[in-house]
Amino acid sequence: MHSAGREDIDVRMLGNGRPFYVQLTNVRKFPSQEVLNALQDNINRTAGKKVCCHRLTPVTRSQTELVKKAVVSTQSTGTLLAEYEKPDAVQITLSNLDLLGVRSHLVGVGDIRWQIRSIFKWVMGDMVSEMLGVPFYQHSQAPVISLITINFEIKIDNEEFMWVCRPPLSWDVFNFSQGKFKNAQLSRALSRASHEDIKPYLKLPGKSIQYLVTIETSPAFVGGRYTKHARDVSQTPWTKQTGILVSANVEEILCVPLKQAYGADDARMHSAGREDIDVRMLGNGRPFYVQLTNVRKFPSQEVLNALQDNINRTAGKKVCCHRLTPVTRSQTELVKKAQEEKQKEYRCIIKAEEKVTAEMIDKLNQVKDLELQQNTPLRVLHRRTPLVRTKKIVKVTARLLTEEEVEICCKNDKELSESLSNRLIVAAVVSEAGTYIKEFVHGDFGRTVPSVSTIMGNRCDMLQLDVANVTMAWPPQPETVDSEPL
C-alpha cells in the first residue's frame, strides 16, 4: 500500500480519509467494480470499528503519481514538521534490551507503548519552534511550511555500541568517515545477533551517549512573475573567463534578497522558459520560482510583499517582480511543464531587405497553425544538442510601420528613415513554447523552414524582440489551513 502521508499510531485519520493506492503484482484475476464494492462493504463490516475504506476503484499507473506528489506537497505557511530517524545507538540499545528480555517490561498502560520518536518530538518540539519562530506539529497530517531533518553523529569509542562491527556479524556496518552506521547493514546485523554476541560488551546500566546533532530544513519555494524592461540584462549570470559578471541578471536581482530573508544557504531560480539578453519580458511577466535550501527563517506574506516593493524600487527600471508568494514543491511542477506546453506571445520589429508590398503582408497574416522544422540554431549550437525540432506558429498579425513610427525608430534621422521606408514591419506572433522566434524570422541560413523570409519572398532580419505574454495561471492560489498546532 502507498498513501499520501502517514499518521502516528496514536493519531486518528478522520474526515474524508487519507488517499491511498494498492499495487498488486502478477495478478491473475480482474474483479469488476461490483465485486470491489462488495469487498469494500465486507472490509468495513469486519474492521469498521477501527478502519474503513471508501470509494475503492481501479486506477492507472499514471494516476498514482497524484498520490506520490501529495506526499511531498507539505509546504504551506506558518508551520513546521520534523522528520526524525531513530539514532543508531538507540536502535542498538533496544536490540540489546530485546536480547536480554528486558524490553517487554518497558510497556505502558493499554495501547501506549514506549516510543522514542514521540518522546523526542515532545522534548524537542518547543525548542525547535522557539529557535525557528514557527509553530511545531507533532504529526504528519499537519500542513507545514518546511520539513526539518535531524541528523545524529555518534562517537565511535563506545564498546557498548561498536560490538556490531566485529565478527561474526559484519565488518561493513559503520561509516568511519561520516561517523555513523549504515542503516541497511546495521538492521541486518542486529537481526542476526544473539545473546552470546553482546554478552562480552554489554553492561547495565550502560554508558551515556554523546551525539553531534545537526538540523537541516527541506527546501522552501517562493513563486512569482517577473518583467524585464532592459535589453542589457541576462536571465542568469554571465561571466567572463576571469570570473567577472558581464551584466546585471534577473536571477541575482531576485535570489539575493530572498536568500537573506529566508536565511538560506543557497537560492536558485527556475522559470517557465527564458529570453535572450537583448529581449524584453513584458505583459504580465514570466512565471518563476526560487528554491531556497536549508532555510532558517519563515517570512510572512507581509514580509514578502515588503521585499517585493524593495526589489521593484531598487531594480524597477530594469527588472520588476510581481505576486511573490510561498508555493509547494508539487506546484513547482507547473512551471517545469510550462516550459514546453504553454503558448507564448511575441512582438517583433522586422527589417526587410526589399520594400514590403501589401501582398507580402497578406501572406504573413494568413499564417495560422504553421508547422516549423527547426534545426538547432547556429548561435546556440555550441551548447545545445544538434537536432530537428517540430514547432508550431499559432498565428501572425503583421503590418508596416507608419512613417512617423519609422522616424521614431531612426531617432529622426531623415536619411535613415527614407532608406527604411516601407521596409519595417511590426508583427505579433503567437507560438508554441520552445520556438526559436529569431530564427523563424530570418531562417537561420535555411535551418528553420518555413520562415518569414521564405513566406514573404523577401529576406528579413530581426531588429527588436519582446515577449508580450506567457499564458499560464501562476502563482497558484495559496492553500487554506484550518487545523491548529499541537
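See above for the structure.
Residues numbered from 1 in each chain as written. Predicted model: local features only at pLDDT ≥ 70, side-chain atom pairs only at ≥ 80, totals over all residues. Heavy atoms only, no water.

Engineer: I'd like to hear about the packing of aromatic side chains, residue by residue, with values.
Structural biologist: For the structure shown, the criterion picks out two aromatic pairs. A ring pair is formed by Y226 and F288, whose centres lie 6.0 Å apart and whose planes are at 55°; its orientation type is tilted. A residue pair is termed long-range when its members are at least 10 positions apart, and Y226 in strand β9 (residues 220-228) and F288 in strand β11 (residues 280-293) qualify at 62 residues. Taking the relative accessible area as the measure of exposure, Y226 reaches 0% and is therefore buried. (Phe/Tyr/Trp six-rings, centres within 6.5 Å; stacked < 30°, edge-to-face > 60°. Helix = DSSP H or I, 4+ residues; strand = E, 2+ residues; numbered from the N terminus. Buried < 20%, exposed > 50% of the residue type's maximum accessible area, 1.4 Å probe, protein only.)

Engineer: Help me get a handle on the nonpolar core, residues and values and all.
Structural biologist: Residues L258, Y262, L292 and V396 are the most contacted members of the largest nonpolar core, which totals 55 residues. Looking at which element gives the most residues to this core, the answer is helix α8 (residues 250-262), with six residues. Excluding residues within four positions of it along the chain, L258 makes contact with V222, V290, L292, L304, L307 and L324. (Core = buried A, V, L, I, M, F, W, Y, C linked by side-chain atoms within 4.5 Å. Contact = heavy atoms within 4.5 Å.)

Engineer: Go over the environment of V295, please, and point to the residues and values.
Structural biologist: Mapped onto the fold, V295 is located in the loop between β11 and α9 (301-315). Separated by 30 residues in the primary sequence, V295 and D265 place their C-alpha atoms 6.9 Å from one another.

Engineer: Can you lay out α8 for me, pointing to particular residues and giving the numbers?
Structural biologist: Along an α-helix, residues three or four positions apart point the same way, because every turn accommodates 3.6 residues. End to end, α8 covers 19 Å across 13 residues, agreeing with the expected 18 Å (1.5 Å per residue, within 8%). When we look at burial in α8, the residues that qualify are V250, E251, I253, L254, C255, P257, L258 and Y262. Among the structural elements, β9, β10 (266-271), β11, α9 and β12 (319-327) are those in contact with the buried residues of α8. One or two steps after α8, the chain reaches G263, where phi turns positive at roughly 60°. (Expected span 1.5 Å × (residues − 1).)

Engineer: Could you give an account of unusual backbone geometry, naming the residues involved and the relevant values?
Structural biologist: The omega torsion of the bond from V449 to P450 falls at -10°, within 30 degrees of zero and hence cis. Its place among the elements puts P450 in the loop between β17 (448-449) and α15 (452-456). Here the phi dihedral of N26 falls at roughly 55°; this positive angle occurs in a residue that is not glycine. Looking at the element boundaries, N26 is found in the loop between β2 (20-21) and α1 (33-47). Given the relative accessible area of 60%, N26 is considered exposed.

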